[in-house]
Amino acid sequence: MQPDIAFIRNRISRALAAVRGVLYGAGAHEIVLYAVRLRSDMESLFILITLGDLIGVPILPPYYSLRLLPFLVPNIASWKRRVLRERDILETDGLDLLAG
Amino acid sequence: MNTLFALVIGIVVIYLGYQFYARRVDTQIIKADPKKATPAKMYMDGVDFSPTDRNVLYGYQFKSIAAAGPIVGAITAANLWGWLPALIWLLAGVTLIGWVQDYGAMMMAVRKDGDSLTAIAHKLISPRTRTILLLFIFVYILMILGAFGNLLAGALNGNPSVPLGIVMLAVAGMLAGQMLYKWKMDLIVTTIVVVGLTLLAILIGPAIQSSVADLNKAVNGLGLTIYFVDVDGLVKPFTTSYMFWLLFVVAFSYLGATLPIWRYAQPVNYIGFWVMALTIVGGLLGAALAVFLKPSVANFVVPAFKVFDAGTGGALQPLWPMLFVTIACGAISGWHALVSSVGTGRQLEYETDALPVGAGSMFSETLLALLALMAISVAGKGAGAGAFAAGVGQFLNVFGLDPTYGTALGFAAFVIIVITVTQLALRFMRVVFAEAFGEMWPAAKNIHIGTIVSAILMIIIVLSGTFTYLWQIFGAANQLMASLALMLVCLWLVEQKKNPSFAFWPMVFMYVTTIAANLILSYNLWVTVVLKQSSKPELWFAVVGAVAMILISVFLIAAALYIGWDAWGAYKRMKSGKAATAPAE
């Protein structure tokens, strides 16, 4: 009986991918999460200053808001969810590293 | 007993627990369903709620929960009662209780729209529970700072080969932040450079230890001494060099607490991960192969069982309940529930990932505690860092690494893992301080004022406390949080009309055990410090510290009773068919 090379190769590559995933998760995932949070904070501010009209704060002339609107529309729903979500002290940056 | 046998027993128990108990609960009681939308998918914002691969989440969760706790707890317990009770509690604890809490909290958060544990406590039990939980967290952080500050100052003061590696860790941390975020360099290149520099400094450490010893001698010449009462009831001194290294730890943590997290705390933590990973993998392999390659290293020399009551000098240290708060992480830890709900629970792609991520990482953490237990058991003597380092040195010697360097690596890995947690604890304490007092006193919102006040509190706790009691109060706060998390899981299961017994009995055990442990801790401090030493003027600091710790213990008991009472009310409310949600305050 011949060994199924393709099957073995597939299992090995899946195992390697799992190891890579675990190492990435343990080593670098928190760094990526932090970078993503920084970016989202910047994005939140940007949306606020360009689309202040959304919450009744006319900050920039509507002309510029209208020019930017097509680029920002896809993010408005997640922006609202992110900004309006209730947060508590457990969400402080770095707190997740304190366990154990 | 030898290391291979202990490892095999551990792996077999963990495998059986995961396959035949955890999996059964997951499929038959919780009924995790891969087709149900998780909060990560429902509320995806690309930031906090974001579906993530389960292997990545397993690594993230493991890294978040496995730190100094499993190492120090196992070592302290083996010193007090012997290795056998510690081994039994580690394996029984994780199989019957530990994974239940981590997995239960994660699934509860997933099914409750990704709410944090405090928000769920607020809704399910009462608004007061949320406040008490936050106070627990405050006590927990304070005790981390006290216990870890004590450990670090002792390790740096007693081992002149270690400080160079820690100084380099600070420098390499700064460098890593600069390379990654400012120079936008590749992560792999950055890792090789900064981890390489840190390891090099760790290995050079033994060569310059005489210079560090001379520095300690010179500092001790100042003659400043503070006395404390040890766990054996004897009066011992904190030397000037001890206080010098305590200030060094404070300075290190001050940077972590005040600089932007990307600049220092996070890169330091990243470097610490690699140093610790190398030590754990090398140590576990050495422990497994020692029987074949170097049998003299493999045998346990610590007695299997020492005594039921390990108390001396009038203090009590009965196996029950004290073992169960001495070993928290590795068997069960309340802090994991917070991470499981707020951090990982919001990133689960499928409900079925909660088992390998939540339960799997908890079972894996026990292996780290097992490594620490094996290290102390083959080293035979010493406490904390010394025992762990000596054991790791012997395990690495199996591969031919000189014990001097192996021990230096073990010491440095231990100190690094503890100091990375300490700096983050100080950072979080500063945030809590600003949150609590910022309205009354606006200056409290200033990061430097908040950090300095927190650091002063830390120094007071270290210098007025006894390590074993600090550690056990830390464990008690942690375990009480675990009881609360399990209580919430039970109430959630009742609300969902599912059988809660797999979480109920662990909750009852942890609840009763923690209250009993707090009573004994208060008694010990009262008898050995307040009653015996209050007439000695040179010990006033230790007496004040003991009174403060007694008050903390009493607070923990009162908080536990409050929560128990409120949870009973919530249970009756659910059973009577009234709204499950708690009434407003």
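Residues numbered from 1 in each chain as written. Chains lettered and ligands numbered in written order. Predicted model: local features only at pLDDT ≥ 70, side-chain atom pairs only at ≥ 80, totals over all residues.

Caption draft 1: Structural view of the overall build of chain B. The helix and strand inventory of chain B stands at 22 helices and two strands. The C-alpha atoms of chain B give a radius of gyration of 23 Å, which matches the 25 Å a tight globule of 585 residues would have. C-alpha atoms of chain B, sized along the principal axes, occupy 70 × 55 × 50 Å. Across the 585 residues that make up chain B, the buried fraction comes to 60%. In chain B, once contacts between residues fewer than 6 apart in sequence are set aside, the share between residues at least 24 apart is 82%. (Helix = DSSP H or I, 4+ residues; strand = E, 2+ residues; numbered from the N terminus. Rg over C-alpha atoms; globule rule 2.2 N^0.38 Å. Buried ≥ 20, exposed ≤ 12 C-beta atoms within 10 Å, placed from the backbone. Contact = placed C-beta atoms within 7 Å.)

Caption draft 2: Layout of the overall build of chain A. Each helix and strand counted, chain A has three helices and zero strands in total. Starting at the N terminus and walking to the C terminus, you meet the elements of chain A as α-α-α. Split into buried and exposed, the 100 residues of chain A put 18% on the buried side.

Caption draft 3: Spatial organisation of the confidence of the model for chain A. With 88% of its residues at a pLDDT of 70 or more, chain A has an overall mean of 80. Taking the mean pLDDT of every element in chain A, the minimum, 81, falls on helix α3 (residues 62–84) of chain A and the maximum, 92, on helix α1 (residues 5–27) of chain A. (pLDDT = per-residue confidence, 0-100.)

Caption draft 4: Up close: the interface of chain B and chain A. Counting residues at the interface gives 48 residues for chain B and 32 residues for chain A. Elements that contribute at least two residues to the side of chain B that touches chain A include exactly α3 (54–65), α4 (69–81), α6 (117–124), α12 (265–293), α15 (334–344) and α18 (403–437) of chain B. The dominant element in the side of chain B that touches chain A, judged by the number of residues it contributes, is α3 of chain B, at 10 residues. In the side of chain B that touches chain A, the residues fall into 31 nonpolar, 12 polar and five charged. (Nonpolar A, V, L, I, M, F, W, Y, C, P; charged D, E, K, R; others polar.)

Caption draft 5: Fine view of the packing of α12 of chain B against helix α16 (residues 354–379) of chain B. Residue and element names in this part refer to chain B. Packing of α12 against α16 leaves a shortest axis separation of 10 Å and a crossing angle of 60°. The angle between the axes of α12 and α16 places the two elements in the oblique class. Viewed along their axes, α12 and α16 form a crossing whose handedness is left-handed. When α12 is examined against α16, the residues I280, G283, L284 and A287 are found in contact with a partner set consisting of L367, L368, L371, M374 and A375. Residues belonging to the contact of α12 with α16 are distributed by class as follows: eight nonpolar, one polar and no charged. (Axes fitted to C-alpha atoms, helices over the stretch in contact; angles between N-to-C directions. Parallel < 35°, antiparallel > 145°, perpendicular 65-115°, else oblique. Left-handed = near helix turned anticlockwise from the far one by under 90°.)

Caption draft 6: Fine view of unusual backbone geometry. Residues and elements named next belong to chain B. Look at the link from W320 to P321: it is a cis peptide, with omega at 10°. Structurally, P321 can be placed in helix α14 (residues 319–326). Residues other than glycine seldom take positive phi values, yet K31 does so here, at roughly 55°. Locating K31 in the fold gives a position in the loop between α1 (3–30) and α2 (39–42). With a phi angle near 65°, D113 is a residue other than glycine that sits in the positive phi range. Examined against the element boundaries, D113 turns out to sit in the loop between α5 (83–111) and α6. When the 14 C-beta atoms within 10 Å are taken as the criterion, D113 is described as partly exposed.

Caption draft 7: Spatial organisation of the packing of helix α7 (residues 127–158) of chain B against helix α20 (residues 467–495) of chain B. Residue and element names in this part refer to chain B. Orientation of α7 relative to α20, taken along the N-to-C sense of each, is 150°, at an axis distance of 9 Å. Taken together, the axes of α7 and α20 lie roughly antiparallel to each other. Regarding α7 and α20, the two cross each other, and that crossing is left-handed. Contacts from L133, F136, V139, Y140, M143, I144, G146, A147, N150 and L151 in α7 reach F467, L470, W471, I473, F474, A477, N478, L480, M481 and L484 in α20. Residue composition of the contact of α7 with α20, grouped by class: 17 nonpolar, three polar and no charged.

Caption draft 8: Inspection of the nonpolar core at higher detail. All names here are of chain B. Residues L90, L373, V415 and L488 are the most contacted members of the largest nonpolar core, which totals 227 residues. Looking at this core element by element, the count peaks at 21 residues for α20. Those residues in contact with L373, other than ones at most four positions away along the chain, are A74, A78, W83, A86, L87 and L90. (Core = buried A, V, L, I, M, F, W, Y, C linked by C-beta atoms within 7 Å.)

Caption draft 9: Looking closely at α14 of chain B. Residues and elements named next belong to chain B. Taking burial as the measure, the eight residues of α14 include seven buried ones, the bulk of the element. For α14, the set of buried residues is L319, P321, M322, L323, F324, V325 and T326. Packing partners of the buried residues in α14 comprise α4, α5, α20 and α21 (501–533).

Caption draft 10: Summary view of the pairing of strand β2 (residues 235–238) of chain B. All names here are of chain B. Pairing analysis gives four bridges linking strand β1 (residues 226–229) to β2, with the strands arranged antiparallel. Residue pairing for β2: F228 is matched across the bridge by K236. Here β1 folds back onto β2, and the loop between the two strands holds five residues, one of which, G233, carries a positive phi near 85°. (Pairing = 2+ DSSP bridges.)

Caption draft 11: Geometry of helix α11 (residues 240–258) of chain B. With 19 residues, α11 of chain B should cover 27 Å at 1.5 Å per step; its first-to-last C-alpha distance of 27 Å lies within 8% of that length. Listed as buried for α11 of chain B are S241, Y242, M243, W245, L246, V249, V250, F252, S253, Y254, G256 and A257 of chain B. (Expected span 1.5 Å × (residues − 1).)

Caption draft 12: Representation of the confidence of the model for chain B. In this model, chain B carries an average pLDDT of 90, and 98% of its residues clear a pLDDT of 70 or more. As scored by the predictor, the complex reaches a pTM of 0.90 and an ipTM of 0.83.

Caption draft 13: Summary view of the environment of A476 of chain B. Residues and elements named next belong to chain B. The topology assignment puts A476 in helix α20. Given 32 C-beta atoms within a 10 Å radius, A476 is considered buried. Once the C-alpha coordinates of A476 and T513 are considered, the two residues, 37 residues apart in sequence, prove to be 9.0 Å apart.

Caption draft 14: Quick peek at the environment of N75 of chain A. Residues and elements named next belong to chain A. Here N75 shows up in helix α3. Taking the C-alpha atoms as reference, N75 lies 34 Å from V19; in sequence the two are 56 residues apart. Not counting chain neighbours up to four residues away, the residues in contact with N75 comprise E43 and I47.

Caption draft 15: Representation of the environment of Q479 of chain B within the structure. Residue and element names in this part refer to chain B. The residue Q479 is located in helix α20 in this model. Residue classification places Q479 among the buried positions, given that 29 C-beta atoms sit within 10 Å. Taking the C-alpha atoms as reference points, Q479 and I515, separated by 36 residues in sequence, lie 9.8 Å from one another. Contacts of Q479, omitting those with residues within four sequence positions, involve F324, V325, A328, G334, M510 and T514.

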